Amino acid sequence: MQCASCGAKIYWLPNTPSTYDEHLITGECFEPPPAATPCPECGCTVDTTTVYPSIDRFPMSFDVLRRSYEGFAPRFEGHRGTIEDHLREIMEQARTPEQVEDALNTPDARGWFRQRVFYRSCTAFYRSFALMGAFLTLERDAFKTWAQVTAYYSRFFFLQAFLNLLQATYVYPGRGYALLYYDGTRLRYKESRTLPPMMRNAGSHEQWWYLMEAVKHPVDYPIEHMEMIISRLVFNPNKRNTENYSFEYLEGFPELDWFDKGAQQLLSHFHPYARTDRDITNLDRYFEGSNPEDCDPGDFYTDDGAVLWTYLAAYLQLVKHLGFTQEFLATPTIAALGELHLGTRMPTVLEGIVRATADILADNFDLDNFLDGRAQHPERPSSFWPPT
């Protein structure tokens, strides 16, 4: 974007173009930048909302978010409903967005919305977690590009889980889509035409990426790696589309692009990478058993499996810090799902995930018993099956 005062063309990493421009200035932080930020050239305030989305009173500060969950006890529903179910009933009577918003803010609205949006958040978390397991096993079998596409979808469902936990979600009640969120005081209902310009006609995936960018950089959230979580680094829609669909040379499925030179040439260029069974949750455990001279911390921090786990770990950390009692996100459930997909093929990865989850959630999971059972019966697909 361009500073209105001095004309400097400002870019935020990692979107700095490779072509030289004498007026190009790099911003002082990763994207997305704050809604109002000083120009690094002249110091005048630059309004970034013409390029990056910003939502009124979103997100809440962490203290307000934590208070909004006070007294919340999510309950199991045998046949759970959706947010849209309730909205459709309201919209049979309410005609304008203002009327819909007023109808949503009843005395029971807080309990209804928290139940629905937290259920949705947990659902998205488990999808993200399962897809991370799929990514790891695909890499284990050297499905290089398809693993990356799967990793993207793990990230995509993480976005939804995280934003739902912040009590924001898109809704599709039958006449277009809208954004529904709690601002710390009341539920806000914004039809797509009232959202920031870049969000109004966004596709079903871009909607969520823009909403994540609208989170900006809340400094009071007690989780690590917030800059990475809200950026488009590593996995993003453009990268997913290029790798999955492009037929340009060395773009779509690049590891297969030497098929025309025969099997030997194909494999010599492919260098089929089969993921090794290393703990992706902890730097020290990642290099356990390796020669120290061969250990580069950069290998851990750039490992896509470790990156995906960082997202999921941050989500679990936030749930724990919010302080309410819930049983949907629990170490035994996460361990059982992980063991089903990873237990016989990537036991070190599995055990690292279970250790890290038990440490974050501190929900009295008997880690020693779990590890002992794994050591005695490593051949079983899951120590949770058959159920007792």
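Just above, that's the structure.
**Q** What am I meant to see in the pairing of strand S5 (residues 168-171) here?
**A** Sheet faces and side chains relate simply in a regular strand, where the side chains alternate between the two faces. Here S5 shows two buried faces, one formed by Ala 168 and Tyr 170 and the other by Thr 169 and Val 171. The turn linking S5 back onto strand S6 (residues 178-182) is made up of six residues, and Gly 174 within it adopts a positive phi angle of 125 degrees.

**Q** Explain the side chain of Gln 160 to me, please; I cannot follow it from the model alone.
**A** The residue Gln 160 is located in helix H5 (residues 144-165) in this model. Side chain to side chain, Gln 160 and Arg 120 meet in a polar contact 2.9 Å long. Not counting residues within four places of it along the chain, the set of residues in contact with Gln 160 comprises Arg 120, Ala 124 and Trp 208.

**Q** Which parts of the structure should I look at to understand the layout of surface pockets?
**A** Which parts of space are left empty comes out when a probe the size of a water molecule is rolled across the atoms. Estimates place the volume of the largest pocket at around 500 Å³. Along the walls of the largest pocket sit 21 residues, with Glu 224, His 225, Thr 281, Trp 309 and Thr 310 positioned nearest its centre. Contributing elements (two or more residues each) for the lining of the largest pocket: helix H11 (283-286), helix H12 (297-301), helix H13 (304-322) and helix H15 (347-361). The dominant element in the lining of the largest pocket, judged by the number of residues it contributes, is H13, at seven residues. Its volume calculated, the second largest pocket comes out at about 350 Å³. Along its surface, the second largest pocket is lined by 17 residues, and Thr 82, Tyr 119, Arg 120, Thr 123 and Arg 127 are the ones closest to its centre. Looking at the lining of the second largest pocket, the elements that each hand over two or more residues are helix H2 (83-91), helix H4 (109-140), H5 and S5. The dominant element in the lining of the second largest pocket, judged by the number of residues it contributes, is H4, at six residues.

**Q** Got a minute to help me understand H13 in this structure?
**A** Residues three or four positions apart in an α-helix share a direction because the helix packs 3.6 residues into each turn. The terminal C-alpha atoms of H13, which comprises 19 residues, lie 28 Å apart, in line with the 27 Å expected from a rise of 1.5 Å per residue. Judged by how many residues are buried, H13 sits mostly within the fold: 17 of 19 residues are covered. Where H13 starts, the residue carrying a side-chain oxygen 2.7 Å from the main-chain nitrogen of Gly 305 turns out to be Asp 303. Remark: Gly 323 follows H13 within two positions and exhibits a positive phi of approximately 85 degrees.

**Q** What is the right way to look at the nonpolar core in this model?
**A** Soluble globular proteins: nonpolar side chains tend toward being buried together. Among the nonpolar cores identified, the biggest contains 104 residues, and Phe 58, Phe 125, Leu 211, Trp 309 and Tyr 315 are the most heavily contacted of them. No other element matches H4, which puts 15 residues into this core. Formed by seven residues, the second largest nonpolar core is a distinct cluster that contains Cys 3, Ile 10, Trp 12 and Cys 39.

**Q** Just to check I follow, could you spell out the packing of aromatic side chains for this structure?
**A** Think of a pair of aromatic rings as described by two things: how far the centres are apart, and how the planes are tilted against each other in angle. With the rule as written, the count across this model stands at 26 aromatic pairs. A ring pair is formed by Phe 118 and Phe 328, whose centres lie 6.2 Å apart and whose planes are at 15 degrees; its orientation type is stacked. Of this pair, Phe 118 sits in helix H4 while Phe 328 sits in the loop between H13 and helix H14 (331-342), and the two are 210 residues apart along the sequence. Just as Phe 118 is buried, Phe 328 falls in that class too. By the ring-pair criterion, three or more aromatic residues cluster together here, those being Tyr 69, Phe 72, Phe 118, Tyr 119, Phe 324 and Phe 328. Lying across the ring of Tyr 182, Arg 110 places its NZ or CZ 3.6 Å from the centre. Above the ring of Tyr 210, the side-chain terminus of Arg 232 is found at 5.3 Å from the ring centroid.

Rules of the game
Residues numbered from 1 in each chain as written. Predicted model: local features only at pLDDT ≥ 70, side-chain atom pairs only at ≥ 80, totals over all residues. Heavy atoms only, no water. Buried < 20%, exposed > 50% of the residue type's maximum accessible area, 1.4 Å probe, protein only. Helix = DSSP H or I, 4+ residues; strand = E, 2+ residues; numbered from the N terminus. Pairing = 2+ DSSP bridges. Polar contact = N/O pair within 3.5 Å; in protein donor to acceptor, adjacent residues only side chain to side chain. Contact = heavy atoms within 4.5 Å. 1 Å grid on protein atoms, 1.4 Å probe; cavity = no way out; pocket = protein on both sides within 12 Å on 5 of 7 lines; lining within 4 Å. Points joined across faces, edges and corners; volume = space filled by probe spheres on them. Expected span 1.5 Å × (residues − 1). Core = buried A, V, L, I, M, F, W, Y, C linked by side-chain atoms within 4.5 Å. Phe/Tyr/Trp six-rings, centres within 6.5 Å; stacked < 30°, edge-to-face > 60°. Lys NZ or Arg CZ within 6 Å of the ring centre and 35° of its normal.

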